[in-house]
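Chain by chain, the residues:
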Amino acid sequence: MRLILIGPPGVGKGTQATLLKERTGALPISSGDLFRAEMCAGTELGNLAKSYVERGQLVPDEVTIGMMRRRLAKPDVRERGFILDGFPRTLGQAEGLDHLLSELGLELGQAVLFEVPEDVVVARLGGRLTCPSCGEVFHRVNRPPKVDGVCDRCGSALAVRKDDQPETIRERMRVFREATAPLADYYERLGLLRRVNGSGAPEAVYQEIVRP
Ligand code: AP5
Ligand code: MG
């Protein structure tokens, strides 16, 4: 499986990437998670990314493509296949990915585009809780943890992502419409696009992604 997941913030890309990993063994790679790990470690890349991520803006293409190049070159990508969550996000990144994959001799299988009304994603992001230790994602209403505020998987205290504030959510939506939505045409022309209704429950969305 070699997939990319495209969709507005909060549509469920990370949730579906986790399901796909559990059921197919393919490797989920989230550019947002990679940036957050660098930010947490206080690296040079992390410090640079922080100013963009916390304002809901995109990290510049050359920085993002460089980070993904290093990750995609690792042997587990070839061995397990991949689910790219949140990359590419601009036409420049899509072209960058084409080059990276051709250098590696790998072909993209499908580009999944999640479609969902904006009020649904705003509600999803407003209730999201994330585990800073293991990355597991919960929702106050849709997927509450068994013990309030505690990660089911590793027992750490759950947190609200810094960019899940109403103002920043609005900016991320704007950036999606402007920079990322045009990728639908790009992958449609390549015959790789699958449109998926992201409004249903996670299992229903999953079935749309994997249906033959
Ligand atoms: P990133 O981390 O990729 O954030 P995002 O795209 O805004 O998406 P989210 O992670 O917020 O949402 P998601 O679609 O994964 O939804 P989730 O599964 O968590 O990027 C963050 C930032 O990093 C960017 O703003 C940018 O600054 C930078 N960045 C990242 N990639 C970049 C790139 N390529 N180029 C430049 N900069 C980049 O679900 C959300 C909530 O809804 C959860 O609570 C979940 O439990 C719930 N939920 C999920 N599915 C369902 C469902 N079907 N029904 C009900 N509830 C559901
Ligand atoms: Mg995510």
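Residues numbered from 1 in each chain as written. Chains lettered and ligands numbered in written order. Predicted model: local features only at pLDDT ≥ 70, side-chain atom pairs only at ≥ 80, totals over all residues. Heavy atoms only, no water.

Undergrad: Explain the environment of Ala37 to me, please; I cannot follow it from the model alone.
TA: For Ala37, the location among the structural elements is in helix H2 (residues 31-41). Judged by its relative accessible area of 46%, Ala37 falls in the partly exposed class. A C-alpha to C-alpha distance of 22 Å links Ala37 and Glu22, two positions 15 residues apart in sequence. (Helix = DSSP H or I, 4+ residues; strand = E, 2+ residues; numbered from the N terminus. Buried < 20%, exposed > 50% of the residue type's maximum accessible area, 1.4 Å probe, protein only.)

Undergrad: Can you help me understand the side chain of Arg128 in this one?
TA: Mapped onto the secondary structure, Arg128 falls in strand E5 (residues 128-130). Residue class for Arg128 comes out buried when judged on its relative accessible area of 13%. Ignoring sequence-local partners within four residues, the contact set of Arg128 consists of Val137, Phe138, His139, Ala159, Val160, Arg161, Asp164 and Arg172. (Contact = heavy atoms within 4.5 Å.)

Undergrad: Would you mind showing me how to read the site of ligand 1 here?
TA: Contacts to ligand 1 come from 33 residues, most closely from Thr15, Gln57, Arg89, Arg128 and Arg172. Here a nitrogen atom of ligand 1 sits 2.9 Å away from a polar atom, N or O, in the main chain of Gly86. Asn142 has a polar side-chain atom sitting 2.9 Å from a nitrogen atom of ligand 1. Contact with the protein chains covers 96% of the free accessible surface of ligand 1, which is 1,100 Å². Mapped onto the shell around ligand 1, the elements with two or more residues apiece are helix H1 (13-24), H2, helix H7 (118-126) and strand E6 (137-139). When residues of the shell around ligand 1 are assigned to their parent elements, the largest contribution, four residues, is made by H2. Counted by class, the shell around ligand 1 contains 12 nonpolar, 13 polar and eight charged residues. (Near = heavy atom within 4 Å. Polar contact = N/O pair within 3.5 Å; in protein donor to acceptor, adjacent residues only side chain to side chain. Areas by Shrake-Rupley, 256 points an atom, 1.4 Å probe, with all protein chains shown as cover. Nonpolar A, V, L, I, M, F, W, Y, C, P; charged D, E, K, R; others polar.)

Undergrad: Could you clarify how one ought to interpret the environment of Leu5 in this entry?
TA: Position of Leu5 relative to the elements: it lies in strand E1 (residues 2-6). Among the residues examined, Leu5 registers a relative accessible area of 1% and is labelled buried. With near-sequence residues (within four places) excluded, Leu5 lies in contact with Lys13, Ala17, Ile83, Leu84, Asp85, Gly86, Val112 and Phe114.

Undergrad: Can you walk me through the UniProt feature "binding site: Zn(2+)" (unreviewed entry) in the protein chain in this structure?
TA: Sequence positions flagged by UniProt for "binding site: Zn(2+)" (unreviewed entry) are, in local numbering, Cys131, Cys134, Cys151 and Cys154. Maximum C-alpha separation among the annotated residues is 8.7 Å over a sequence range of 24 residues, consistent with a single clustered spot. One can find Cys134 in the loop between E5 and E6. By relative accessible area, which is 27% here, Cys134 ends up partly exposed. Contacts of Cys134, omitting those with residues within four sequence positions, involve Cys151, Arg153 and Cys154. Mapped onto the elements of the fold, Cys151 is located in the loop between E6 and helix H8 (166-180). Once you skip the residues sitting within four places of it in the chain, Cys151 turns out to touch Cys131, Cys134, Glu136, Phe138, Ser156 and Leu158. (UniProt positions renumbered as here; feature names shortened; annotations may be inferred.)

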